[in-house]
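# Reading the structure
Residues per chain are reported as follows:
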Protein chains: 2
Amino acid sequence: MNQPISKICIIGASSVANQIAIAFYKSGLEIVQVFNRTIEKATELAKQTASKPIDEFDLITKDADLYLVSVKDKALPEVLNKINDVKGIVVHTSGPHGIEVFKKKFENFGVFYPLQTFSKGNDVVISQVPFLIEANKNETELALVSLAKRISENVQIMSSDKRRQLHLAAVFANNFSNYMFNVAEEILSSHNISFDLLKPLILQTCSKAVLGKPKDFQTGPAFREDYKTIETQLELLSDNENLREIYRLITEGIIKQKKYDQL
Amino acid sequence: MNQPISKICIIGASSVANQIAIAFYKSGLEIVQVFNRTIEKATELAKQTASKPIDEFDLITKDADLYLVSVKDKALPEVLNKINDVKGIVVHTSGPHGIEVFKKKFENFGVFYPLQTFSKGNDVVISQVPFLIEANKNETELALVSLAKRISENVQIMSSDKRRQLHLAAVFANNFSNYMFNVAEEILSSHNISFDLLKPLILQTCSKAVLGKPKDFQTGPAFREDYKTIETQLELLSDNENLREIYRLITEGIIKQKKYDQL
């Protein structure tokens, strides 16, 4: 473990795996193999990283310095189970899984978690993505931090417990806010109104959120406790019980937060 | 009504009124008066628009071409009631109120609605703000469209019914997504984790949302129907019943949407 990581085996060809592997490759590291159950996906990434595509667990090299496992969260325990007799560091990139998923099976293991939303066809600027690192040993942690710093300017060590809270916060900040945008789009399209109209508002909302504390920029009928408008809007949603309930609860949440902050 | 609007009286000194009045002024229009019940606020805006501050309804000039009423939604009916014997067009900037709030009291009236979130100390680029216009007469509508085009590149005519749907969509897209960011910030701060970590994610979420349809970029435990992670996250929220319920309902909404799109 005293030599730095240079030979990397990528296990899984998810969007996350793709973008990290390519960033590693561009930073001068050697990607030795790309494993995926579907060989076509492995081949696609292998081509971009001058590496070898494989689709059988038995073919995984024993002597890489790092095994980056980036598969569906649900599949992670099973995949880790199929990686055997490797000496390098094994890491996963999963938000929900802590370090305990390794069950101390390997000599060196850890978490290499990029806090970002990755989708196919939408590249992120990897250097701006925060990487949260954890490992079973200090020297492994240092090796992972130093590796992450090759591709990102924002690298931090964080325990699994804290990272679980961070992942929960990320679900609200990304998945749930995206659902709010989605609901807005659905309301508009069902009334033949272009979603383009909302885009400047969405961009403004986000640029404010990163300026300071989002609660300082809370506006709207709930924040103003404008119960007349709230009632009217609940009526507009009368054919969608789930949305009505979401509207009601978030409105309640905003009012509670405001009252709490005024205490 | 055949001459274009040139003399404008601003009623109310809200953030919206401020930014529109200043944009009007910069575009070469004459702001004749700024009314506000608090004279200090009227004076502040009047200074920036070379106009006269007033704090009594009786002092409102009778011969402006346009009266832009931008007050709290709740106060709008009462304020309109106090504007009398004016010949120019009276407009409001309110999202929830339709054109019916005027009760046909004036000869020319309409809606001049900027679809954006305005807060003090956070200027928006007015030229990019969509303005939704409606009026009681065709010629009034044309005059308002032509006025709005002096300050914005995005001007459209829209009925009150459609605008009410647009406003509802805007509540989801702005107020509710901002609440999601706020919840994320609260979760992090209660575990001593810096909100800065989430900022690249929030920016990415928004830049994706305006690229295409937000639902094409939906990710996360709900979208993957990863019930194990959902359960774990609900447990992390066990001390906050309102947030748990919001989490549960949005998760349900995301799963329903996905299943519906797969039909």
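As shown above, the structure is provided for reference.
Every value quoted in this text rests on a predicted model; they were computed, and no experiment measured them.

So, about the overall build of chain A. Across its full length, chain A carries 8 helices and 8 strands. Dimensions of chain A, computed from the C-alpha atoms along their principal axes, are close to 65 × 45 × 30 Å. Within chain A, the fraction of its 263 residues that count as buried is 60%. Intrachain contacts of chain A at a sequence separation of at least 6 include 52% that bridge at least 24 residues. Carbon and sulfur atoms form 49% of the exposed surface of chain A, whose accessible area is close to 11400 Å². Placing the 32 positive and 32 negative side-chain charges of chain A at their respective mean positions leaves the two points 3 Å apart.

This paragraph deals with the side chain of Asn174 of chain B. Structurally, the position occupied by Asn174 of chain B is in helix H5 (residues 160-189). You can call Asn174 of chain B buried: its relative accessible area is 6%. Reaching out from Asn174 of chain B, the side chain makes a polar contact with the side chain of Asn175 of chain B at a distance of 2.7 Å. In this view, Asn174 of chain B contacts Leu201, Thr205 and Thr219 of chain A together with Thr117 of chain B; residues no more than four positions away in its chain are not counted.

Turning our eyes to something else, we now look at the sheet that holds strand E7 (residues 131-135) of chain B. All names here are of chain B. Pairing is mixed across the open sheet formed by 8 strands, whose spatial order is E3-E2-E1-E4-E5-E6-E7-E8. Single-partner strands in this sheet number two, and they are strand E3 (52-54) and strand E8 (155-157). Shown here is a sheet whose adjacent strand axes are inclined to one another by a mean of 25 degrees, direction ignored. Pairing geometry for strand E5 (residues 89-92) and strand E6 (residues 109-114), over 3 bridges, is parallel. Looking at the pairing, His92 lines up with Val111 of E6. Set on the sheet, helix H2 (residues 39-48) makes contact with strand E1 (7-11), strand E2 (30-35) and E3; between it and E3 the angle comes to about 165 degrees. Running at roughly 155 degrees to E7, H5 makes contact with E5, E6 and E7 of the sheet.

Turning our eyes to something else, we now look at the interface of chain B and chain A. Contacts between chain B and chain A engage 91 residues on the former and 91 residues on the latter. Note on chain B versus chain A: buried area summed over both sides is about 8700 Å², and carbon and sulfur give 67% of it. The tally of links from chain B across to chain A stands at 6 salt bridges. With a shortest N-O distance of 3.3 Å, Lys215 of chain B and Glu186 of chain A are connected by a salt bridge. Where chain B touches chain A, the interface holds 38 residue pairs in polar contact (both at pLDDT 80 or more). The element contributing the most residues to the side of chain B that touches chain A is H5 of chain B, with 26 residues. The residue inventory of the side of chain B that touches chain A, partitioned by class, reads 45 nonpolar, 29 polar and 17 charged.

Superposition record for chain B on chain A: RMSD 0.0 Å, screw rotation 180 degrees, translation along axis 0.0 Å. One copy is carried onto the other by what is essentially a two-fold rotation axis. Residues of chain B ranked by C-alpha distance from the rotation axis are headed by Ser177 of chain B, positioned 2.2 Å from it. A shared interface surface links the copies, since 100% of the contact residues of chain B are contact residues in chain A too.

Moving on to the environment of Ala209 of chain B. With respect to the helices and strands, the residue Ala209 of chain B is situated in helix H6 (residues 199-209). Judged by relative accessible area, Ala209 of chain B falls into the buried class, the value being 0%. Beyond its immediate chain neighbours, meaning those up to four positions away, Ala209 of chain B contacts Phe181, Phe195 and Ile202 of chain A together with Pro214 of chain B.

Residues and elements named next belong to chain A. The 8 strands are arranged E3-E2-E1-E4-E5-E6-E7-E8 in an open sheet whose pairing can be described as mixed. The open sheet has two edge strands with one neighbour each: strand E3 (52-54) and strand E8 (155-157). Taken pair by pair, the neighbouring strands of this sheet meet at an average axis angle of 25 degrees, ignoring direction. Of the strands in this sheet, strand E1 (7-11), strand E2 (30-35), strand E4 (66-69), strand E6 (109-114) and strand E7 (131-135) are in contact with helix H1 (residues 15-26), which crosses E6 at around 100 degrees. With respect to the sheet, helix H4 (residues 138-151) is in contact with E1, E4, strand E5 (89-92), E6, E7 and E8, its orientation differing from that of E7 by roughly 160 degrees.

This paragraph deals with the pairing of E2 of chain A. Residues and elements named next belong to chain A. In terms of burial, E2 is largely enclosed, as 5 of its 6 residues are buried. Bridge count between E1 and E2: 5 bridges; the pairing is parallel. Across the sheet, the residue bridging to Lys7 is Glu30, located in E2. Taken together, the 3 bridges between E2 and E3 define a ladder with parallel strand orientation. Among the inter-strand pairings, Val34 is bridged to a residue of E3, identified as Pro53. The handedness of the E2 to E3 crossover, carried by helix H2 (residues 39-48), is right-handed.

Reading the values: the criteria
- Residues numbered from 1 in each chain as written.
- Chains lettered and ligands numbered in written order.
- Predicted model: local features only at pLDDT ≥ 70, side-chain atom pairs only at ≥ 80, totals over all residues.
- Heavy atoms only, no water.
- Helix = DSSP H or I, 4+ residues; strand = E, 2+ residues; numbered from the N terminus.
- Buried < 20%, exposed > 50% of the residue type's maximum accessible area, 1.4 Å probe, protein only.
- Contact = heavy atoms within 4.5 Å.
- Areas by Shrake-Rupley, 256 points an atom, 1.4 Å probe, with all protein chains shown as cover.
- Lys, Arg positive; Asp, Glu negative; His and termini not counted.
- Charge placed at Lys NZ, Arg CZ, Asp CG, Glu CD.
- Polar contact = N/O pair within 3.5 Å; in protein donor to acceptor, adjacent residues only side chain to side chain.
- Pairing = 2+ DSSP bridges.
- Axes fitted to C-alpha atoms, helices over the stretch in contact; angles between N-to-C directions.
- Buried area = accessible area lost by both parts, 1.4 Å probe.
- Salt bridge = Lys/Arg side-chain N within 4 Å of Asp/Glu carboxyl O.
- Nonpolar A, V, L, I, M, F, W, Y, C, P; charged D, E, K, R; others polar.
- Least-squares fit on C-alpha atoms with pLDDT ≥ 70 in both.
- Right-handed = clockwise from strand over helix to strand, strands pointing away.

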